[in-house]
Amino acid sequence: MSRSVTAAGTSPRARLLDAAIDHFGRHGIGDTSLRGIAEAVGTSHRMLIYHFGSREGLLAEVTREVEARQRALMTAAYDADLPPLEAGARYWEETVEATLRYGPLFFELAAHAMQGREHAAGLREELIAAWLPSVTELCRAIGLPEEQAGTHARLALGAARGLLLDLLVTGEREEVARAADLLNRLLLLSAEVGGAGAR
């Protein structure tokens, strides 16, 4: 994942978050302690506690920032004047690369959010609601009528997340990619049908 898409910022907290994201992207999450993470990113565990509260709080912030960067990548992919299927394929490959690095953390923290754990409380909104406006706008852009765009966006987001979970569990990258391509084609078909019905 490119750091140039969305920089976390220049404050000490933001620089630590960037360093943690880069470290996890290279080495994975694993069971590294907060002290081990601090050593790897060139700070002290006290500074990480000060800025993020706990190891879990840091991981939640990493997940939130990675998700924000993925939304930026999605927008960039579809703003590149490519045909929708080509843009979708390009974004899917970028998403797969990020998922192979951060996906286990994402799904673990999503479970924590569902369980109401304090460190993941903010993710309850971030993991779904933060995505829906962007995906809804894409659905409008491919021609889905306004009254259908929101529902299709939720379907697309849920289906894509399910396919990413499939990828992590099975490792069947090519099969999952074919399913993702089918999802894109079905959305475009829905747009054709829905757009024709709206005229």
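Since this is a predicted model, take the numbers as computed values, not measurements.

Colleague: Which parts of the structure should I look at to understand helix α1 (residues 12-27)?
Modeller: Think of an α-helix as turning once every 3.6 residues; residues three or four places apart then point the same way. Under the 1.5 Å per step criterion, the end-to-end length of α1 is 22 Å for 16 residues, consistent within 8% with the ideal 22 Å. By the burial criterion, the buried members of α1 are A14, L16, L17, D18, A20, I21, D22, H23 and F24. As for α1, its buried residues are in contact with α2 (34-41), α3 (45-52), α4 (55-78) and α5 (84-114). Note on α1: the residue one or two positions beyond its end, G28, has a positive phi of about 80 degrees.

Colleague: Just to check I follow, could you spell out the packing of aromatic side chains for this structure?
Modeller: Pairs of aromatic rings are described using the distance from one ring centre to the other and the angle between the two planes. Under the defined criterion, the tally for this structure stands at 1 aromatic pair. Measuring from ring centre to ring centre gives 4.9 Å for F106 and F107, while their planes differ by 90 degrees; the resulting arrangement is edge-to-face. Given the relative accessible area of 23%, F107 is considered partly exposed. Here R71 stacks its cationic end above the ring of W131, 5.5 Å away from the centre of that ring.

Colleague: Any chance you could explain the nonpolar core here in plain terms?
Modeller: Considering soluble globular proteins, one finds that nonpolar side chains tend to be buried as a cluster. Ranked by internal contacts, the top residues of the largest apolar core, which has 25 residues, are F24, L48, L58, V62 and L123. Those elements that provide at least two residues to this core are α1, α2, α3, α4 and α5. No other element matches α5, which puts 6 residues into this core. Within the second largest apolar cluster, 17 residues are counted, among which are W131, L183, L187 and A191.

Colleague: Could you clarify how one ought to interpret empty space enclosed by the protein in this entry?
Modeller: Once rolled over the atoms, a probe with the size of a water molecule shows which space is left empty. Here the structure, examined in full by the defined rule, presents 1 cavity of 30 Å³ or more. Contributions of two or more residues to the lining of the largest cavity are made by α4, α5, α7 (132-141), α8 (146-170) and α9 (173-198). Looking at the lining of the largest cavity element by element, the count peaks at 13 residues for α5. Taken together, the residues of the lining of the largest cavity break down into 25 nonpolar, 7 polar and 2 charged.

Colleague: Could you clarify how one ought to interpret the packing of α1 against α4 in this entry?
Modeller: Relative placement of two packed helices is described by the angle separating their axes and the distance separating the axes. Contact geometry of α1 with α4 gives a least axis separation of 10 Å together with a crossing angle of 80 degrees. In terms of axis orientation, α1 runs roughly perpendicular to α4. Contacts between α1 and α4 involve R13, L17, D18, A20, I21 and F24 from the first element and L58, L59, E61, V62, E65, V66 and R69 from the second. When grouped by side-chain class, the residues that make up the contact of α1 with α4 number 8 nonpolar, no polar and 5 charged.

Parameters and conventions
- Throughout, residues of each chain are indexed from 1 in the direction in which the sequence is written.
- pLDDT decides what is reported in this predicted model: residues at 70 or higher carry local features, side-chain atom pairs at 80 or more are listed and counted, and totals for whole chains, interfaces and linings draw on all residues regardless.
- Only heavy atoms go into the side-chain values, all of them from the structure, while hydrogens and water stay out.
- Counting from the N terminus, the helices are DSSP H or I runs at least four residues long and the strands are E runs at least two residues long.
- Under the convention used throughout, the expected extent of a helix is 1.5 Å for every residue step, that is, one less than its residue count.
- Only protein chains enter the accessibility calculation, which uses a 1.4 Å probe; a residue whose area is less than 20% of its type maximum is buried, one above 50% is exposed, and one in between is partly exposed.
- Residue contacts are counted whenever heavy atoms from the two residues lie within 4.5 Å of one another.
- Pairing of aromatic side chains here covers Phe, Tyr and the six-membered ring of Trp, requires ring centres within 6.5 Å, and sorts the geometry by plane angle: under 30 degrees stacked, over 60 edge-to-face, intermediate tilted.
- When the NZ atom of lysine or the CZ atom of arginine is within 6 Å of a ring's centre and also within 35 degrees of its normal, the charge is said to sit over that ring.
- Residues enter a nonpolar core if they are buried and are Ala, Val, Leu, Ile, Met, Phe, Trp, Tyr or Cys, with the set joined through side-chain atoms within 4.5 Å.
- Buriedness of a pocket was judged along seven lines, with at least five required to meet protein on both sides within 12 Å; pockets are open sets of points on a 1 Å grid over the protein atoms alone, cavities are sets where a 1.4 Å probe fits but cannot get out, and lining residues have an atom within 4 Å of a point.
- Grid points are joined across faces, edges and corners, and a volume is the space filled by probe spheres set on the points.
- Throughout, the ten residues Ala, Val, Leu, Ile, Met, Phe, Trp, Tyr, Cys and Pro are labelled nonpolar, Asp, Glu, Lys and Arg are labelled charged, and all others, Gly among them, are labelled polar.
- Between the N-to-C directions of two axes lies an angle of 0 to 180 degrees, each axis being a line fitted to C-alpha atoms and, for a helix, fitted only over the stretch in contact.
- When an angle is under 35 degrees it counts as roughly parallel; over 145 it counts as roughly antiparallel; between 65 and 115 it counts as roughly perpendicular; any other value is oblique.

From the geometry alone we can't say anything about function, so treat these as descriptive.
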